[in-house]
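Chain by chain, the residues:
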Amino acid sequence: MSLNHIRPWRSIERRKSRQIMVGNVPVGGDAPIAVQTMTNTLTTDVKATVAQVIAAAEAGADIVRVSVPDEASSRALKEIVKESPVPIVADIHFHYKRGIEAAEAGAACLRINPGNIGDEKRVAEVIKAARDHNCSIRIGVNAGSLEKHLLEKYGEPCPDAMVESGMDHIKILQDHDFHNFKISVKASDVFMSAAAYQMLAEATDAPIHLGITEAGGLMSGTIKSAIGLGQLLWMGIGDTLRVSLSADPVEEVKVGFEILKSLGLRHRGVNIISCPSCARQGFDVIKTVESLEKRLEHIKTPMSLSIIGCVVNGPGEALMTDVGFTGGGAGSGMVYLAGKASHKMSNDQMIDHIVEEVEKKAAALDAAAAADQAAE
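Here goes a summary of the coordinates provided. (Residues numbered from 1 in each chain as written. Predicted model: local features only at pLDDT ≥ 70, side-chain atom pairs only at ≥ 80, totals over all residues. Heavy atoms only, no water.)

Turning our eyes to something else, we now look at the overall build of the protein. Helix and strand counts for the protein come out as 12 helices and 15 strands. A compact globule built from 376 residues would reach a C-alpha radius of gyration of about 21 Å, and the protein, at 23 Å, matches this within 12%. Principal axes of the C-alpha set define a box for the protein whose edges measure 75 × 45 × 40 Å. Counting every position in the protein, which comprises 376 residues, the buried fraction comes to 50%. Summarising the internal contacts of the protein: among those between residues at least 6 apart in sequence, 63% fall at separations of at least 24. Split by element, the accessible area of the protein, about 17,600 Å² in all, is 53% carbon and sulfur. (Helix = DSSP H or I, 4+ residues; strand = E, 2+ residues; numbered from the N terminus. Rg over C-alpha atoms; globule rule 2.2 N^0.38 Å. Buried < 20%, exposed > 50% of the residue type's maximum accessible area, 1.4 Å probe, protein only. Contact = heavy atoms within 4.5 Å. Areas by Shrake-Rupley, 256 points an atom, 1.4 Å probe, with all protein chains shown as cover.)

This is how it looks when you write it as structure tokens:
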């Protein structure tokens, strides 16, 4: 239950955007902010690509993008779409025919880049294929691939050039009476991306796809994405997002959800609140949290768990979590359930016990949700 009415400093007023559908996933309007990732396998390797799509979906991805660079990939895409548990976005660059083929293959959305897709006549053919096959389009503007005339006009990639590129392409779609689109204006520079997205949010009511492109490796890219996407989401901008990391796509999904969870915009799985540990800790906090993160990955029910090493902040944090454990003395600590001290547990049995308590709480929450739904 949201308590934003008594904690107004937690409230985020989302930008009002119109809603489109990417397959069966609503994007924009009052729909939850969708989390995306992209496969990095060879698309022609259908088995490996499908396995990666499924892994991403199990981690929570609502939508998965697949690169379609050649005809063989277009043929493979048809098989991938059939086996995917989530809508597939076809990533199209340079050759407009790949966009047509992808729409025919069953892609839920086409990602096209205004800087390299070709002239308006070719774009028009892609639009027709998208309309004929009930396929949405993402206008994907990248600072690294802006149109030549815009680079000549502005001298270098900048927010104004990116937004102008995007708005020019929006006009092409709208001139062809096509409105089933979303848009992104990505850069690897956090400042440029943030400024471009703020300008874009004022210029159109189209759903916005957020991303800091080519953000880097797991650690550096996560930090850069959290800073860039976090500030935009906090401002209410963004209807779907992809965290771009040089890492396993599953990690992109995890980071995306953690960003949304930290702002109270999406809730999935166990939110672990833990201390950094110090000399006061009654057990090894770091190793305990590492173990619990792995062992609780299967929990999809939104809930909270506090793991605090000592009694300085432990009881206070436990008051606000579903399950908690606070380090004590003599090799044991206190287990908290629903914010109340419940019973003591030895440190050596604590991890197994916490997993059991979390699983029980998740089952109870799921049952209550099912009962509420049945009563409606």
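This part covers the sheet that holds strand E14 (residues 332-337). The 5 strands are arranged E11-E12-E13-E14-E15 in an open sheet whose pairing can be described as mixed. For this open sheet the edge positions go to strand E11 (270-274) and strand E15 (340-346), each flanked by a neighbour on one side alone. Direction aside, the axes of adjacent strands within the sheet are offset by 20 degrees on average. Along the sheet, helix H12 (residues 347-375) contacts E11, strand E12 (303-308), strand E13 (323-327), E14 and E15; its crossing angle with E15, the most-contacted strand, is approximately 140 degrees. (Pairing = 2+ DSSP bridges. Axes fitted to C-alpha atoms, helices over the stretch in contact; angles between N-to-C directions.)

Counting buried residues in E12 gives 6 out of 6 residues, a clear majority hidden from the surface. Residues Met 303, Leu 305 and Ile 307 line one face of E12 and the alternating positions Ser 304, Ser 306 and Ile 308 line the opposite face, and both faces are buried. Note that E11 and E12 share 5 bridges and pair parallel. Residue pairing across strands places Asn 271 opposite Ser 304, the latter belonging to E12. Pairing analysis gives 4 bridges linking E12 to E13, with the strands arranged parallel. When the bridges of E13 are listed, Ser 306 appears paired with Gly 324.

Next up on the list: the environment of Asn 313. Here Asn 313 lies in the loop between E12 and helix H11 (314-318). Judged by its relative accessible area of 48%, Asn 313 falls in the partly exposed class. Taking the C-alpha atoms as reference points, Asn 313 and Thr 326, separated by 13 residues in sequence, lie 8.7 Å from one another.

This part is about the pattern of salt bridges. Tallied over the full model, the rule gives 17 salt bridges. The residue Asp 91 makes a salt bridge to Arg 65 at a minimum N-O spacing of 2.7 Å. Of this pair, Asp 91 sits in strand E5 (residues 88-92) while Arg 65 sits in strand E4 (residues 63-67), and the two are 26 residues apart along the sequence. Close ionic contact of Lys 360 with Glu 357 constitutes a salt bridge, the shortest N to O distance being 3.7 Å. Taken together, the residues span about one helical turn, with Lys 360 and Glu 357 both in helix H12 at a distance of 3 residues. Note on Glu 357: relative accessible area 9%, which makes it buried. Linked through salt bridges whose partners overlap, the residues forming this network are Arg 14, Arg 15 and Asp 239. (Salt bridge = Lys/Arg side-chain N within 4 Å of Asp/Glu carboxyl O.)

Leu 77, Leu 110, Ile 137, Met 162, Leu 210 and Leu 233 are the most contacted members of the largest nonpolar core, which has 74 residues in total. Setting aside its immediate chain neighbours within four residues, Met 162 contacts Val 141, Ala 143, Leu 146, Val 185, Lys 186, Ala 187, Met 192 and Ala 196. Val 270, Ile 272, Val 323 and Ile 354 belong to the second largest nonpolar core, which has 20 residues in total. (Core = buried A, V, L, I, M, F, W, Y, C linked by side-chain atoms within 4.5 Å.)

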